[in-house]
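Overview (structure and organization)
Listed here are the chains, written in short residue letters.
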Amino acid sequence: MSGAAGKTFSQIWLSNKETYPLLVAMGFGISVLAARLYHAGTAPEVTFSKSSRKDGARYITDRSVKKEGKDFQQHAFRKYVQDLKPELMPGLNESMTK
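Below: a short report on this structure.

Here the focus is the overall build of the protein. Broken down by element type, the protein carries 7 helices and 0 strands. By the burial criterion, 6% of the 98 residues in the protein qualify as buried. Total accessible area on the protein is roughly 9,000 Å²; 63% of this is exposed by carbon and sulfur atoms.

Structure follows, in structure tokens:
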């Protein structure tokens, strides 16, 4: 009877090189999930304390909340991508147009 019983994680998964692409794909998926959960949890509309949830009109009239929402929308990655040309391969595009 030879199975996974009594073997460690590294003996099962890391000793077999065919599992590396699976581990990379799972790691990438988990990191994207974690980034998305962080982004959704830090949105200005998300409030965990009862004191900030009490006043529902706060979201309509308060200028600081509007500024906070604007800052949330214009995050660092969006600012970085905003100045880039919408090209997949800029080097190839330049060489093909010459």
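Read on for the rest.
Here we come to a nonpolar patch on the surface. Taken together, the side chains of F9, I12, W13, L14, Y20, L22, M26 and I30 present a nonpolar region at the surface, about 760 Å² in accessible area. Mapped onto the nonpolar patch, the elements with two or more residues apiece are α1 (9-14) and α2 (20-41).

Criteria and thresholds
By convention here, each chain's residues receive numbers from 1 onward along its written sequence. Predicted model: local features are reported for residues with pLDDT of at least 70 only, side-chain atom pairs are reported and counted for 80 or more only, and whole-chain, interface and lining totals are derived from all residues. Processing note: side-chain calculations cover all non-hydrogen atoms of the structure and skip hydrogens and water entirely. Helix and strand definitions here come from DSSP, where helices need a minimum of 4 consecutive H or I residues and strands a minimum of 2 consecutive E residues; each element is numbered from the N-terminal end. Partly exposed residues are those whose accessible area sits between 20% and 50% of the maximum for their type, while under 20% is buried and over 50% is exposed, using a 1.4 Å probe and protein chains only. We get accessible surface area from the Shrake-Rupley algorithm with a probe of 1.4 Å; when it comes to residues, only the shown protein chains can shield them. In this scheme, patches are assembled from residues that exceed 30% relative accessible area and form no salt bridge. Like charges are connected within 9 Å, while nonpolar side chains (Val, Leu, Ile, Met, Phe, Trp, Tyr) are connected within 5 Å. Salt bridges are defined as contacts in which a side-chain nitrogen from Lys or Arg sits within 4 Å of a carboxyl oxygen from Asp or Glu.

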